[in-house]
Number of protein chains: 4
Amino acid sequence: MSSTLGKNLEISIFGESHGDAIGVVISGLPSGEVVDKDIINRYLKKRATGKDKTMTARVEADEVQFLSGVYNGYTTGTPLAMVIYNGDQRSKDYSNIATTARPSHADYSGFVRYKGFNDIRGGGHFSGRLTTPMVMAGSLCYGILKNKGIDICANIFEIGGVKGERLGNRLNKTTFDSLREKSIQAIANEDKMREEILTARENLDSVGGRIECVVTGIKAGVGSPIFDGVENNIAKAIFGIPAIKGIEFGEESELRGSVYNDVLQIKDGKVKTATNHDGGINGGITNGMPIVFAVKVKPTPSISRPQNTIDFKQMKETEIKIVGRHDPCVVARAVPCVECMTAIAVLDMVMESKIYE
Amino acid sequence: MSSTLGKNLEISIFGESHGDAIGVVISGLPSGEVVDKDIINRYLKKRATGKDKTMTARVEADEVQFLSGVYNGYTTGTPLAMVIYNGDQRSKDYSNIATTARPSHADYSGFVRYKGFNDIRGGGHFSGRLTTPMVMAGSLCYGILKNKGIDICANIFEIGGVKGERLGNRLNKTTFDSLREKSIQAIANEDKMREEILTARENLDSVGGRIECVVTGIKAGVGSPIFDGVENNIAKAIFGIPAIKGIEFGEESELRGSVYNDVLQIKDGKVKTATNHDGGINGGITNGMPIVFAVKVKPTPSISRPQNTIDFKQMKETEIKIVGRHDPCVVARAVPCVECMTAIAVLDMVMESKIYE
Amino acid sequence: MSSTLGKNLEISIFGESHGDAIGVVISGLPSGEVVDKDIINRYLKKRATGKDKTMTARVEADEVQFLSGVYNGYTTGTPLAMVIYNGDQRSKDYSNIATTARPSHADYSGFVRYKGFNDIRGGGHFSGRLTTPMVMAGSLCYGILKNKGIDICANIFEIGGVKGERLGNRLNKTTFDSLREKSIQAIANEDKMREEILTARENLDSVGGRIECVVTGIKAGVGSPIFDGVENNIAKAIFGIPAIKGIEFGEESELRGSVYNDVLQIKDGKVKTATNHDGGINGGITNGMPIVFAVKVKPTPSISRPQNTIDFKQMKETEIKIVGRHDPCVVARAVPCVECMTAIAVLDMVMESKIYE
Amino acid sequence: MSSTLGKNLEISIFGESHGDAIGVVISGLPSGEVVDKDIINRYLKKRATGKDKTMTARVEADEVQFLSGVYNGYTTGTPLAMVIYNGDQRSKDYSNIATTARPSHADYSGFVRYKGFNDIRGGGHFSGRLTTPMVMAGSLCYGILKNKGIDICANIFEIGGVKGERLGNRLNKTTFDSLREKSIQAIANEDKMREEILTARENLDSVGGRIECVVTGIKAGVGSPIFDGVENNIAKAIFGIPAIKGIEFGEESELRGSVYNDVLQIKDGKVKTATNHDGGINGGITNGMPIVFAVKVKPTPSISRPQNTIDFKQMKETEIKIVGRHDPCVVARAVPCVECMTAIAVLDMVMESKIYE
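All values derive from a computational prediction rather than experimental measurement.

## Quick notes on the overall build of chain A
Within chain A one finds nine helices and 18 strands. Against the compact-globule benchmark of 21 Å for 357 residues, chain A has a radius of gyration of 21 Å, which places it among compact chains. Its C-alpha atoms give chain A principal-axis dimensions of roughly 65 × 50 × 35 Å. For chain A, the residues scored as buried account for 69% of the 357 residues in total. Long-range pairs, those at least 24 residues apart, make up 73% of the contacts in chain A between residues at least 6 apart in sequence. Accessible surface, chain A: about 11200 Å² in total, of which carbon and sulfur atoms supply 47%. Looking at chain A, you have 44 positive and 43 negative side-chain charges, and the mean spots of the two groups are 2 Å apart.

If you want it as structure tokens, here you go:
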């Protein structure tokens, strides 16, 4: 179903960029979990724009209203609904391009899919704005996971060809906390990455990048083989984020088996692997090591240069110059989205695992 | 649900490597579609082993029995069940390692998940053998898609560091037909790839690789935004194949937006894009260009060298030497699996699209 | 998933009786369908209370806000969210009974299910108030079905032992229109039914009843065998209405096969059956005759008499006197709920049938 | 999806009356549960025919083959597949009526649904034969529930107008055991019921009836509100049985609230209700009392009298005389089906409840 996800925990996302409100309903939450609004607000702020020159000037004063599912600060276990009313809507920025397809956007494919009835203002339901309800739902799930000893942290390791570093063994609270302070959440080279973004902006261009995400504190035995594995479920969730085009679990690629294989060890009475090339997952099931994966973010399709395109109603070729506000790079803003969508997928699977304990 | 997949077309896979039979039930098939047994047998043969020295000597004489859902050569529309009885079972090859985890296999994670009750012989339900029912179901779906003008073809473009080529614009029947004749289905450099595999075998080692897969003839407007997009659904299906650890849609990665963006054109009255960096998908929905994606196959975890590991029942460190038959590289055998799982995901979405036409 | 329903059309209901708002998100709607707000308001009014002495004095000024999914009066095809902010909330009416179980209510079962964290004010998520989002979603679906020539109408044929009549062959617009005008939507004996309700009220008691519901204009071939049949799907939807305890398809019960069997005929070139004891469904699939079923509504559990019960926190027996506002009979108010939940289930199946045409 | 059911426990049923085999795949079973083949065989025997004159002479020597999912007598937790090869197939009995609709059968509706491609021999996928895989899967689930202290037993309380008795308070092992010994599983009046069936047979006619089913030993707190309640899930499962046309939870119908309401008590430190008119369910959730519901079985549509009907290919009216073997009453054979489908639905919900504990 288009904008719903999950098995034990089902989220249903709604809204359009320039509609009245965006929001999400989460069904199936466990009851009695603390709803940590500080975490939610911190995540929403991280996702929002206007903080520095690498991002668009659009200010989104996102304040969440909880409509149901929270009582005395705890989840009730019945559906939890959150909305944010859209404030700063500048529809006219986009009105002149309603039938002209922005290249590498969903304008044309969406037009065909919805026979021209979808709300096209600001990208409508396809807008990056819709990552806000993902963050609303996911940060709430993250708060619940944190209380169970599970942490999730992302790290940008490439922007526009500027390489940073993978986290490797640095999977600890200190590293995560210092990462979270950064506006470009990268363990290394964030200054060069910022420069690259600013250069792209000056050139009326945009850049993409790569983010890795790790999940620590997750026990072995979570997930199921074949189609309900950790990879399947995280991938299905992560591809809900508009600009993500790739996902890869584990770290290295051209290794031979003798080097790639994660040999098992017993450390302090616990099963560990010497390396973690499989990203904590074997046969779709966690092995007790951190889950590690990386995603590819494509360059922002909205650029200020004139581009060739078509008017898909008149079916003729034309040119487009996108004058609205847009980021030259969405990688930094994708970080909270990746963490939050991971939180939703992981909480769902952790709940599932209780059935089999 | 662990071994079921799909919305309009639901497949339920069952079996263990050394059990009585493996098979699949497909619910929701359209009625009146030709069941092309030649295609199914061709695919099964391609997936099977024993053809040359790059693969294991195990001979799998796989003959499909249709138990239901086919009548006079056409799909009935009611559930279609297929089974293959397991013949050549050499349980003793594996019996001595029942409680010793093969590194980078699901032995340990599966043991925790199933509390030691899963059938561990030959990997049980986690075995590569379970890709057979995927191929059974997927090749049947492929036959149906082909009659609708949709074609699917994969191309190996890297094995063990030996690079081949991406297909690029060579997306035509002639190329596909010549590719399908090859035992290493690569458009270029298959001889060097074969050498690399044989070298790995000699070194008691294994190698992985990369496969791209393309879907041609698919119209615009298939798929839905956010969580039911083409990327989400193909990724969820593809990660059902045991050795796949990554998927990436489209082709290039470090391009800037001005180069990456697929500008739209009108050619012979039809909408096309000048490039296809988005792999035929915008906002989760097809744009009429071929779907293009690449997957990463990890090196075969079974290698003949001694490896450090643990006995997970006795919780002590030990060593393992895997003596059973195993491929030094499963990339070539993954090709039909990738094509077939893609066929299942695509047919499901094409059926879905009829609702919205 | 607890408060979500549907396959092609997925509704996710949220809210609590005394929370900030109630609402529903509908995913998967076809695009380009007229959103008929008059129909929605007419249905909400019918569901609301305070109209005559047979119902509670509580006035619900229900005004729907559309948050997404509607553009220029048409469905966009992306998720449609509707909310109603709760106004007239008298929490104190219920506060004194928070840990005392109202007999035949969900107070105790809900307490166990949610470990005491559910919002218990006014019944919380279990309240009859939650039928409002059902009516919001269902009346919108009804409007869409109506434009496709499908009509749905319910008829009360028993209240508190007072029998009315089944519709039988009177399945036409004139009958339906006149039925819809009535506050007790019964084709016969509504005055005696009203008397029975008032008598129950005077006796500080309550009564239940039976409603039949018919769907006309639905073509043959909708639905699927075994678990995805018309009966399965309507039943699953209808049991979402709190007070419904039974459902029966078709009309008569103790007939022999020779009388029960609906013999087929050809009338004006169309297939009909001489009788409709099967309620328009064979093998889970519509046969072209109207769908006919009846539901049983239990007597309102809230009565003003003192009742024995327990305090489930203190685990001791006690007595309860429910002082809040409550209807002596909810059968009349269940009528729009039954029609609306039927509309949701039917639209979902009609959409599904397009896949197989 | 047409022939699949369940959330945590997914069953996928396949087969046609005169096809090669029928069977079922169960995904999501807990691992380490005993597979009690005696229970399965006892249930299959009970469902089979040929035992006395009230049933058809067709002998079904049903022997289950386990293809996967069982290892050393325990469930592995991975998909469990069972098949029965069809032996005694007399296709010619039905061949002459292939395009003539048997009244109140799915011949015509199925023809439209599947555009004439479904296997029509013996009713194909619509045949009562397909209740065998239901019994295979359900009896396995029943065995698992029994080991958890949950019992399920059905009781016929009406056949062809001949009334028996409801079980009322007689919900104990002794009653259940003695009931299970009977070929007509009724606590009272089974001789008169048998006579009624034989009379129907003599008159070339058929009769229906009513069965109640109880689930004992189920704890409070199982199920979820609104659409995932116990009523919704049991109803969805039960309507999978071909001849079932109605279901009603609890016992009485025309009671007033003051009598109907199940007042809560504490007995031996446990919560009980004085009566059980709600059938053990409040707000979709178990309250700790036995689940009680009744189903209506329609009269067997196959009767030996000539009946008016149509040829739906030639679209002309004609007559039919069904000469195959058929039961004058399927109520007794529906008993194991009702118990087994209940077991599937209940086990699924019991598994679900572990998430929320």
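## Some thoughts on helix H5 (residues 173–181) of chain D
Residue and element names in this part refer to chain D. Taken together, the buried positions of H5 are Thr175, Phe176, Leu179 and Arg180. Seen along its axis, H5 keeps its buried residues to an arc of 130 degrees; they face one direction. Away from its buried face by more than 90 degrees, H5 exposes Lys173, Thr174 and Glu181.

## Things to note about the interface of chain D and chain A
Counting residues at the interface gives 11 residues for chain D, matched by 11 residues for chain A. A combined buried area of about 920 Å² lies between chain D and chain A, and 57% of that area is made up of carbon and sulfur atoms. Contact with chain A buries surface across chain D, with D:Lys354, D:Ile355 and D:Tyr356 losing the most and accounting together for 52% of the total. Taken together, the connections running from chain D to chain A amount to zero salt bridges. Applying the counting criterion to the chain D and chain A interface returns seven residue pairs in polar contact (both at pLDDT 80 or more). Considering only residue class, the side of chain D that touches chain A consists of five nonpolar, two polar and four charged.

## Quick word on the relation of the copies chain D and chain A
Each copy superposes on the other: chain D lies on chain A with an RMSD of 0.0 Å after a rotation of 180 degrees and an axial shift of 0.0 Å. Considering both components of the superposition, the chain copies are consistent with a two-fold axis. Here 100% of the contact residues of chain D are again contact residues in chain A; the copies associate through an equivalent surface.

## Let's talk about the sheet that holds strand E16 (residues 291–297) of chain D
Across the sheet, which stays open at both edges, the 10 strands sit in the order E9(C)-E8(C)-E10(C)-E16(C)-E11(C)-E11(D)-E16(D)-E10(D)-E8(D)-E9(D) with antiparallel pairing between neighbours. Strands with a single pairing partner mark the edges of an open sheet, and in this sheet they are strand E9 (162–163) of chain C together with strand E9 (162–163) of chain D. Looking at chain direction, strand E8 (residues 151–159) of chain C and E9(C) are connected through two bridges and run antiparallel. Counted as the bridge partner of C:Ile159 is C:Val162 from E9(C). Contacts between helix H5 (residues 173–181) of chain C and the sheet are confined to E8 and strand E10 (209–216) of chain C, with E8(C) contributing the most and set at about 60 degrees to the helix. Of the strands in this sheet, strand E8 (151–159) and strand E10 (209–216) of chain D touch H5(D), which is tilted by about 55 degrees from E8(D).

## Quick notes on the side chain of C:Thr273
All names here are of chain C. Of note, Thr273 is situated in strand E13 (residues 270–273). Looking at Thr273, the relative accessible area reads 9%, which means it is buried. A distance of 2.5 Å separates the side chain of Thr273 from the backbone oxygen of Thr275, its partner in a polar contact. Excluding residues within four positions of it along the chain, Thr273 makes contact with Asp262, Val263, Leu264, Gln265, Asn287 and Met289.

## Structural notes on the relation of the copies chain A and chain B
For the pair chain A and chain B, the superposition axis carries a translation of 0.0 Å, the fit reaches an RMSD of 0.0 Å, and the rotation angle comes to 180 degrees. With an isologous cut-off of 70% or more, the 100% of interface residues of chain A that recur at the interface of chain B puts this contact in the isologous class.

## Topic: the nonpolar core
Core analysis: the largest hydrophobic core is formed by 329 residues, its most contacted members being A:Ile247, B:Ile247, C:Ile247 and D:Ile247. If sequence neighbours within four positions are ignored, A:Ile247 has contacts with A:Ile234, A:Ala235, A:Ile238, A:Phe239, A:Phe293, A:Ala294, A:Val295, B:Phe239, B:Lys245, B:Gly246 and B:Ile247.

## Topic: the sheet that holds strand E7 (residues 80–85) of chain C
Residues and elements named next belong to chain C. Spatially, E1-E2-E3-E7-E4 is the arrangement adopted by the five strands of the open sheet, whose pairing is antiparallel. The open sheet is flanked by strand E1 (4–5) and strand E4 (65–68), the only strands paired with a single partner. Of the pairings in the sheet, the one linking strand E3 (residues 21–27) to E7 comprises six bridges and is antiparallel in character. Considered in E7, the bridge of Ala21 is made with Tyr85.

## A look at the interface of chain A and chain B
Contact residues are listed per partner, giving 96 residues for chain A and 96 residues for chain B. Here chain A packs against chain B, burying approximately 7900 Å² in sum over the two surfaces, 57% of which is carbon and sulfur. Three residues stand out in chain A for area buried against chain B, namely A:Arg113, A:Phe227 and A:Arg256, and they jointly supply 11% of the buried area on that side. The interface formed by chain A and chain B includes 14 salt bridges. Between B:Lys245 and A:Asp278 there is a salt bridge, with the nearest N and O atoms lying 3.8 Å from each other. Our count for the contact surface shared by chain A and chain B stands at 49 residue pairs in polar contact (both at pLDDT 80 or more). Of the residues forming the side of chain A that touches chain B, the biggest block, six residues, is contributed by helix H7 (residues 230–238) of chain A. For the side of chain A that touches chain B, the residue count by class is 39 nonpolar, 33 polar and 24 charged. Here strand E11 (residues 244–249) of chain A runs beside strand E11 (residues 244–249) of chain B; their pairing, made up of three bridges, is antiparallel.

## Regarding the side chain of D:Asn8
Relative to the assigned elements, D:Asn8 resides in the loop between strand E1 (4–5) and strand E2 (10–14). Within polar-contact distance, the side chain of D:Asn8 engages the side chain of A:Lys7 at 3.2 Å.

## Some thoughts on unusual backbone geometry
At A:Lys115, a position not held by glycine, the phi torsion is positive, near 50 degrees. Mapped onto the fold, A:Lys115 is located in the loop between helix H3 (107–113) and helix H4 (131–146).

## Section: the environment of C:Tyr85
As for its position among the elements, C:Tyr85 is in strand E7. Through-space distance from the C-alpha of C:Tyr85 to that of C:Gly19 is 8.6 Å; in sequence the pair is 66 residues apart. Each residue touching C:Tyr85, except ones within four places of it in the same chain, is listed here: A:Gln65, A:Leu67, A:Val83, A:Tyr85, C:Asp20, C:Ala21 and C:Gln65. A distance of 3.2 Å separates a polar atom in the side chain of C:Tyr85 from a polar atom in the side chain of A:Gln65. At 2.7 Å, the side chain of C:Tyr85 and the side chain of A:Tyr85 are in polar contact.

## Some words on the packing of helix H1 (residues 37–47) of chain A against helix H9 (residues 331–356) of chain A
Residues and elements named next belong to chain A. One can describe the packing of H1 onto H9 by two numbers: an axis separation of 7 Å at closest approach and a directional angle of 140 degrees. Taken together, the axes of H1 and H9 are oblique relative to one another. Contacts from Tyr43, Lys46 and Arg47 of H1 reach H9 at Arg333, Pro336, Cys337, Glu339 and Cys340. A breakdown of the residues in the contact of H1 with H9 according to their chemical character gives four nonpolar, no polar and four charged.

## Looking at the packing of aromatic side chains
By the definition in use, this model includes 28 aromatic pairs over all chains. Seen in terms of ring centroids, A:Phe111 and A:Phe312 are 4.5 Å apart; in terms of plane orientation they differ by 40 degrees. Their pairing is tilted. You can see A:Phe111 sitting in helix H3 and its partner A:Phe312 sitting in the loop between strand E17 (306–311) and strand E18 (316–321), a full 201 residues away along the chain. Following the ring pairs from residue to residue traces out a cluster consisting of A:Tyr108, A:Phe111 and A:Phe312. The positively charged end of C:Arg113 is found above the aromatic ring belonging to D:Tyr356, 3.7 Å away from the centroid. The side chain of D:Arg166 reaches across the aromatic face of D:Phe157, ending 4.7 Å from its centre.

## A short note on the pattern of salt bridges
In total, this model carries 92 salt bridges over all chains according to the counting rule given. Between A:Lys7 and A:Glu352 there is a salt bridge, with its nearest N and O atoms 2.7 Å apart. Linking A:Lys7 in the loop between strand E1 (4–5) and strand E2 (10–14) with A:Glu352 in helix H9, this pair joins segments that are 345 residues apart in sequence. By relative accessible area, which is 18% here, A:Lys7 ends up buried. One salt bridge connects D:Asp62 with D:Arg129, and the closest N-O pair in it is separated by 3.0 Å.

Cut-offs and rules
Residues numbered from 1 in each chain as written. Chains lettered and ligands numbered in written order. Predicted model: local features only at pLDDT ≥ 70, side-chain atom pairs only at ≥ 80, totals over all residues. Heavy atoms only, no water. Helix = DSSP H or I, 4+ residues; strand = E, 2+ residues; numbered from the N terminus. Rg over C-alpha atoms; globule rule 2.2 N^0.38 Å. Buried < 20%, exposed > 50% of the residue type's maximum accessible area, 1.4 Å probe, protein only. Contact = heavy atoms within 4.5 Å. Areas by Shrake-Rupley, 256 points an atom, 1.4 Å probe, with all protein chains shown as cover. Lys, Arg positive; Asp, Glu negative; His and termini not counted. Charge placed at Lys NZ, Arg CZ, Asp CG, Glu CD. Arc of directions from axis to C-beta. Buried area = accessible area lost by both parts, 1.4 Å probe. Salt bridge = Lys/Arg side-chain N within 4 Å of Asp/Glu carboxyl O. Polar contact = N/O pair within 3.5 Å; in protein donor to acceptor, adjacent residues only side chain to side chain. Nonpolar A, V, L, I, M, F, W, Y, C, P; charged D, E, K, R; others polar. Least-squares fit on C-alpha atoms with pLDDT ≥ 70 in both. Pairing = 2+ DSSP bridges. Axes fitted to C-alpha atoms, helices over the stretch in contact; angles between N-to-C directions. Core = buried A, V, L, I, M, F, W, Y, C linked by side-chain atoms within 4.5 Å. Parallel < 35°, antiparallel > 145°, perpendicular 65-115°, else oblique. Phe/Tyr/Trp six-rings, centres within 6.5 Å; stacked < 30°, edge-to-face > 60°. Lys NZ or Arg CZ within 6 Å of the ring centre and 35° of its normal.

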